[in-house]
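# Architecture at a glance
Each chain is listed here by its residues.
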Amino acid sequence: SDLSFAVIASEAAGNAYGNPESQRLYRQLIKTAVSHYKAKYVFFLAESMGAVAAMDILATSPGLPVLGLAAISPALDYRAARPEYASKIQAAYAGGSVEANNPMDLPPMLLAGKRIRFYVSPQDSIVSTDRNALAFKDRFGSAADVSIVTCTGDHLDPSCIQGEDLVRWFRSL
């Protein structure tokens, strides 16, 4: 296949907890990249807490040409966050509603037909696979095409970064 990829990233003003400002910055990055590269399609690759913004953008931006979202060790439910992250998450919203951006609370119809792939480890001590990726698949799997690739080790273990599988999956969409 002659499909090539331009990889772009943003630090979202140093805050990728999915708050409206980080989502605005990511949407702007996507629009700039689509224009600059004349891209027909967009693929999301997120890790950990970055999955919040990616999932919310996927669900609420039907005009973007997104073919799929892959996430490594994805955080998808603020209620499942470890206590030491609660203050960081709350600070990211500066008086706004954390709950309004919690991917686990999205209406399933917003993800209807979306293609999503998670790379997760049952040994992840930072982001519980059961309370995030598996719970997400249980909630949204009847509306979205959610696949799970199991890896090993703790949070963001190198075994979860499966480039060949990721590219193969993106090319299949």
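Heads up: the structure comes first, above all this text.
The present account deals with the structure reproduced in this document. (Residues numbered from 1 in each chain as written. Predicted model: local features only at pLDDT ≥ 70, side-chain atom pairs only at ≥ 80, totals over all residues. Heavy atoms only, no water.)

This brings us to the sheet that holds strand β1 (residues 42-47). Read from one edge of the open sheet, four strands run β1-β2-β3-β4, paired in parallel fashion. The open sheet has two edge strands, β1 and β4 (145-150), and neither has a second partner. Between one strand axis and the next, the sheet turns by 15° as a mean value, whatever way the strands run. Pairing analysis gives four bridges linking strand β2 (residues 66-72) to strand β3 (residues 115-120), with the strands arranged parallel. Counted as the bridge partner of I72 is Y119 from β3. (Pairing = 2+ DSSP bridges. Helix = DSSP H or I, 4+ residues; strand = E, 2+ residues; numbered from the N terminus. Axes fitted to C-alpha atoms, helices over the stretch in contact; angles between N-to-C directions.)

With that settled, consider the state of the cysteines. For the coordinates displayed, the defined rule picks out one disulfide. The disulfide that involves C151 links it to C160, with 1.9 Å between the sulfurs. Its S-S torsion of approximately 85° makes the covalent link between C151 and C160 right-handed. Classification of C160 by relative accessible area gives buried; the value is 0%. (Disulfide = S-S within 2.5 Å. Buried < 20%, exposed > 50% of the residue type's maximum accessible area, 1.4 Å probe, protein only.)

Before going further, it helps to examine helix α3 (residues 86-93). For α3, the set of buried residues is I89, A92 and Y93. Taken around the axis of α3, the buried residues stretch over an arc of 95°, which confines them to a single face. For α3, the exposed residues set more than 90 degrees away from the buried face come down to S87 and A91. Contact partners of the buried residues in α3: α1 (20-37). Backbone geometry just downstream of α3 places A94 in the positive-phi region, at approximately 35°. (Arc of directions from axis to C-beta. Contact = heavy atoms within 4.5 Å.)

Turning our eyes to something else, we now look at the pairing of β2. With seven of its seven residues buried, β2 lies for the most part within the structure. In this sheet, β2 lies alongside β1 in parallel orientation, the contact comprising six bridges. The residue bridging L45 from the neighbouring strand is A70, located in β2. Considered for its hand, the β-α-β crossover made up of β1, helix α2 (residues 50-60) and β2 is right-handed. In this view, the connection linking β2 to its parallel neighbour β3 by way of α3 has right-handed handedness. (Right-handed = clockwise from strand over helix to strand, strands pointing away.)

Further remarks concern the environment of P62. Looking at the element boundaries, P62 is found in the loop between α2 and β2. The exposure class of P62 is exposed, given its relative accessible area of 72%. In this structure the C-alpha to C-alpha distance between P62 and L110, which are 48 residues apart in sequence, comes to 9.0 Å.

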